[in-house]
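For reference, the chains in residue letters:
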Amino acid sequence: MALVLAFIFYFLIGISNSYGQLKVGFYDETCPQAESIVRNVVSDAVLSNANIAAVLLRLHFHDCFVEGCDGSILIDDGNPNAERHAFGHQGVGGVEVIEKAKEQLEAVCNGVVSCADIVALAARDAIALANGPSYEVPTGRRDGGISNISLADDMPDVSDSIEQLKVKFFNKGLTEKDLVLLTAAHTIGTTACFFMTKRLYNFLPGGRPDPTINPAFLQELKAKCPQNGDANARIPIDSGSQQSFDIHILQNIRSGFAVLESDARLNDDRTTKSIIDSYFGLLNPLFGPSFEADFVDSIIKMGEIGVKLDFQGNIRRICTSFN
Ligand code: HEM
Ligand SMILES: *[C@@H]1O[C@H](CO)[C@@H](O)[C@H](O)[C@H]1NC(C)=O
């Protein structure tokens, strides 16, 4: 009897231990090559097109903010109401890189590594390849079973007020500090002129631009994104440093060289501005907070939004469709 009870006891403990949390090295035993396979695929993709690093980082953000980091954005099954068609996901890409890694993973460890984890790992590798900080990613996410366009209605938008941005991040368990640091992901990559029209040509009554733009920079932006020009033309978001992952973006934001409207808003608000400024204190390199270390904390936190564990999700065979 006692033996049976002890057995049940250990069985229950075993169950409770396997639930609960993501952990670094989740695939160490079940698919030891998992992280190196993802890294190789990402590095090949970035070598052939450096901007893929930015695309993969953005994909992780858009995955996590809708239905949690569960690969829901990857679903491309012909349904016009699939999440990926949402307005707030315009321009999101990188799915082919995730799918390529998935194919290689299925070949060596069939049915083990989730698409959601591949997205999180790919973003990590992309950051490192852009000379950003290296960090360990907790894994063990499972893939979700929902892809619904209306669930993306609350994606942060370039034209959101600072209050709206704060609320949208807060609703995902993220603070004002996370908002600043995660927005600094705009240190790499580009935006379509499409997202610049309002800021450059229709921000204030009379067709006037956002007054916080440095005047010389305004002329430069207007030349690159002329009114009624090609809305699909692309310009760097971190002017002068779009290929390297660094704090330069925050320097641009605090000095009138922000490109995206939502980036500029971080410098108008007292709280978010003081967070930005904290990385530029006189004694900063020695005593101040570290931009890289704080970014890593924030992106790991973002990677934990609404994750599905064990029975809450599954492992897709193909990342773009449900099993
Ligand atoms: C705060 C709210 C945010 C807004 C309103 C926003 C908006 C945008 C917009 C409009 C673009 C240009 C898209 C295009 O033209 O293809 C963009 C690009 C990008 N975003 Fe954000 N973003 C936000 C936060 C984030 C976060 C949290 C991350 C990642 C942690 C991120 C990563 C990126 C990257 C890497 C790019 C460049 C993509 C490329 O080069 O194709 N963004 N963002
Ligand atoms: C999508 O989500 C919305 C909002 O939660 C819901 O009203 C709608 O029924 C969902 N559609 C499908 C096809 O599940």
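Since this is a predicted model, take the numbers as computed values, not measurements.

What counts and what doesn't
Residues numbered from 1 in each chain as written. Chains lettered and ligands numbered in written order. Predicted model: local features only at pLDDT ≥ 70, side-chain atom pairs only at ≥ 80, totals over all residues. Heavy atoms only, no water. Core = buried A, V, L, I, M, F, W, Y, C linked by side-chain atoms within 4.5 Å. Buried < 20%, exposed > 50% of the residue type's maximum accessible area, 1.4 Å probe, protein only. Helix = DSSP H or I, 4+ residues; strand = E, 2+ residues; numbered from the N terminus. Domains from an automatic or database assignment. Contact = heavy atoms within 4.5 Å. Buried area = accessible area lost by both parts, 1.4 Å probe. Salt bridge = Lys/Arg side-chain N within 4 Å of Asp/Glu carboxyl O. Nonpolar A, V, L, I, M, F, W, Y, C, P; charged D, E, K, R; others polar. Near = heavy atom within 4 Å. Polar contact = N/O pair within 3.5 Å; in protein donor to acceptor, adjacent residues only side chain to side chain. Disulfide = S-S within 2.5 Å. Arc of directions from axis to C-beta. UniProt positions renumbered as here; feature names shortened; annotations may be inferred.

Draft legend 1. Region of interest: the nonpolar core. Leu 56, Leu 74, Ile 98 and Leu 250 are the most contacted members of the largest nonpolar core, which totals 74 residues. Ranked by the residues each element gives to this core, the list is headed by helix α5 (residues 115–129), at 9 residues. Counting residues domain by domain, this core receives three or more from each of domain 1 (19–155 + 303–312) and domain 2 (162–301). Residues in contact with Ile 98, not counting those within four places in the same chain, are Leu 56, Leu 59, Leu 74, Cys 115, Ile 118, Val 119, Ala 122 and Cys 319. Among the nonpolar cores identified, the runner-up in size contains 14 residues, and Val 158, Cys 193, Phe 217 and Leu 260 belong to it.

Draft legend 2. Molecular detail of the domain arrangement of the protein. Domains assigned within the protein are domain 1 (19–155 + 303–312) and domain 2 (162–301). Of note, the centres of domain 1 and domain 2, computed from C-alpha atoms alone, are 24 Å apart. In this complex, domain 1 contributes 23 residues to the contact, which on the side of domain 2 involves 19 residues. Together, the buried faces of domain 1 and domain 2 total about 1,800 Å²; carbon and sulfur atoms form 71% of this surface. Along the contact surface separating domain 1 from domain 2 lie 0 salt bridges. Here the side of domain 1 that touches domain 2 takes 6 residues from helix α3 (residues 52–65), the largest share from any one element. Class assignment of the residues belonging to the side of domain 1 that touches domain 2 gives a composition of 14 nonpolar, 6 polar and 3 charged.

Draft legend 3. Spotlight on the side chain of Glu 261. If you trace the backbone, Glu 261 turns up in helix α11 (residues 261–265). Filtering out sequence-adjacent residues up to four positions away, Glu 261 remains in contact with Val 158, Ser 159, Lys 198, Arg 199 and Phe 203.

Draft legend 4. Region of the structure containing the site of ligand 1. Surrounding ligand 1, one finds 25 residues, the nearest of these being Asn 51, His 186, Thr 190, Ala 192 and Arg 234. Taking Asn 51, its side chain carries an N or O atom lying 3.0 Å from an oxygen atom of ligand 1. Only α3, α7 (176–183) and β3 (190–192) provide two or more residues apiece to the shell around ligand 1. In terms of residue count, α3 provides more of the shell around ligand 1 than any other element does, 4 residues in total.

Draft legend 5. Summary view of the state of the cysteines. Going through the model one piece at a time under the given rule, you end up with 4 disulfides. The disulfide partner of Cys 115 is Cys 319, and the S-S distance across this bridge is 2.1 Å. Measuring handedness by torsion sign, the sulfur bridge of Cys 115 and Cys 319 sits at about -90 degrees and is left-handed. One end of the pair, Cys 115, is in helix α5; the other, Cys 319, is in the segment after α14 (291–302), and 204 residues separate them in sequence. Cys 319 sits in the buried class, given a relative accessible area of 1%. By sequence order of its bonded cysteines, the protein has the disulfide arrangement 1-4, 2-3, 5-8, 6-7.

Draft legend 6. Main features of the environment of Val 137. The residue Val 137 is located in the loop between α5 and β2 (138–139) in this model. Separated by 138 residues in the primary sequence, Val 137 and Ile 275 have C-alpha atoms spaced 25 Å apart. Apart from the residues within four sequence positions on either side, Val 137 is in contact with Val 24, Glu 35, Ala 120, Leu 121 and Arg 124.

Draft legend 7. The arrangement of unusual backbone geometry in detail. Even without being a glycine, Asn 131 presents a positive backbone phi close to 70 degrees. When you line up the elements, Asn 131 lands in the loop between α5 and β2. By relative accessible area, Asn 131 is classed as exposed at 64%. Despite not being glycine, Asp 310 shows a phi value in the positive range, around 45 degrees. If you trace the backbone, Asp 310 turns up in the segment after α14.

Draft legend 8. Helix α12 (residues 270–277), seen in detail. Of all the residues in α12, the buried ones are Thr 272, Ile 275 and Ile 276. Seen end-on, α12 carries its buried residues on one side only, within an arc spanning 100 degrees. On the buried face of α12, the contacting elements are α6 (162–170), α7, α10 (248–254) and α11. Structurally, the start of α12 carries an N-cap: the backbone nitrogen of Thr 271 is 3.1 Å from a side-chain oxygen of Asp 269.

Draft legend 9. Representation of the UniProt feature "binding site: substrate" (unreviewed entry) in the protein in the model. Sites flagged by UniProt as "binding site: substrate" (unreviewed entry) map to Pro 156. With respect to the element layout, Pro 156 can be found in the loop between β2 and α6. With residues near it in sequence (within four places) discarded, Pro 156 still touches Phe 61, Phe 65, Leu 165, Lys 168 and Phe 169.

Draft legend 10. Seen up close, the environment of Thr 212. Residue position: Thr 212 is located in the loop between α8 (197–201) and α9 (215–224). The class for Thr 212 is partly exposed, based on a relative accessible area of 33%. Spatially, the C-alpha atoms of Thr 212 and Pro 138 are 39 Å apart, while their sequence positions differ by 74 residues. Once residues lying within four places of it in the same chain are set aside, the contact partners of Thr 212 are Arg 199, Gly 256, Ala 264, Arg 265 and Asp 268. Here Arg 199 takes part through its side chain, which lies 3.5 Å from a polar atom of the side chain of Thr 212. Of the polar contacts made by the side chain of Thr 212, one reaches the side chain of Arg 265; its length is 3.5 Å.

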